[in-house]
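One letter stands for each residue in the lines below.
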Amino acid sequence: VIYTSDNGYHLGAHRRPAGKLSGYEEDIRVPFAIRGPGLSKGEVVLQQAAHVDVAPTLLALAGAVPPTEIDGSPLPLGGGDS
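Quantities reported herein were computed from a predicted structural model and do not represent experimental measurements. (Residues numbered from 1 in each chain as written. Predicted model: local features only at pLDDT ≥ 70, side-chain atom pairs only at ≥ 80, totals over all residues. Heavy atoms only, no water.)

**Regarding the overall build of the chain**
A tally of regular secondary structure across the chain gives 2 helices and 2 strands. Mapped from its N terminus to its C terminus, the chain presents α and β elements in the order β-α-β-α. Among the 82 residues that make up the chain, the fraction classed as buried is 13%. Across the chain, the fraction of contacts at a sequence separation of at least 24, relative to all contacts at a separation of at least 6, is 46%. For the chain, the computed accessible surface area is about 6,100 Å², with 57% contributed by carbon and sulfur atoms. (Helix = DSSP H or I, 4+ residues; strand = E, 2+ residues; numbered from the N terminus. Buried < 20%, exposed > 50% of the residue type's maximum accessible area, 1.4 Å probe, protein only. Contact = heavy atoms within 4.5 Å. Areas by Shrake-Rupley, 256 points an atom, 1.4 Å probe, with all protein chains shown as cover.)

Put into structure tokens, the structure is as follows:
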């Protein structure tokens, strides 16, 4: 199971024009939670990541080697209890 979202599109928050190009929390932090076989329950990875890292992470969890031309890097997940 994977849960994620896009970053927020604020409409005038912080007295800034509409968009998502500022350094405020709602612009830079997005949820990403993943649970499944081989993942430790309650594991938290503090590594900075982006949505471009989701595909390489899923490929690595499936035991596949991500193609060299793919953007992003796999997150250090796995090795835990099911």
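That was the structure; now back to the text.
**Observations concerning the side chain of Asp-53**
Topologically, Asp-53 is positioned in the loop between strand 2 (32–34) and helix 2 (54–61). Under the relative-accessibility criterion, Asp-53 is labelled buried at 11%. Here Ser-73 takes part through its backbone nitrogen, which lies 2.8 Å from a polar atom of the side chain of Asp-53. (Polar contact = N/O pair within 3.5 Å; in protein donor to acceptor, adjacent residues only side chain to side chain.)

**Quick notes on the environment of Val-45**
Along the chain, Val-45 turns up in the loop between strand 2 and helix 2. Taking C-alpha positions, Val-45 is 8.0 Å from Leu-75, a pair spaced 30 residues apart along the chain. Once residues lying within four places of it in the same chain are set aside, the contact partners of Val-45 are Pro-76 and Leu-77.

**Thoughts on the environment of Asp-53**
The sequence separation of Asp-53 and Ser-73 amounts to 20 residues, and the corresponding C-alpha distance is 5.1 Å. If near-sequence neighbours (up to four positions away) are discounted, Asp-53 is found in contact with Gly-72 and Ser-73.

**Remarks on the environment of Ile-2**
As for its placement among the helices and strands, Ile-2 is situated in strand 1 (residues 2–4). Setting aside residues up to four positions removed in sequence, Ile-2 forms contacts with Phe-32, Ala-33, Ile-34 and Leu-58.

**Looking at a nonpolar patch on the surface**
On the surface, a cluster of nonpolar side chains totalling about 300 Å² of accessible area is made up of Ile-2, Phe-32, Leu-58 and Leu-61. With respect to the helices, strands and loops of the structure, Leu-58 is situated in helix 2. (Patch = residues over 30% accessible without salt bridge, like charges linked within 9 Å, V, L, I, M, F, W, Y side chains within 5 Å. Salt bridge = Lys/Arg side-chain N within 4 Å of Asp/Glu carboxyl O.)

**Observations concerning helix 2**
Taken together, the buried positions of helix 2 are occupied by Val-54, Pro-56 and Thr-57. In an axial view of helix 2, the angular spread of the buried residues amounts to 165 degrees, which keeps them on one side of the axis. Where helix 2 is buried, its residues contact strand 2. Of the residues one or two after helix 2, Gly-63 is the one with positive phi, at around 85 degrees. (Arc of directions from axis to C-beta.)

All quantities given are derived from atomic positions and should not be read as evidence of function.
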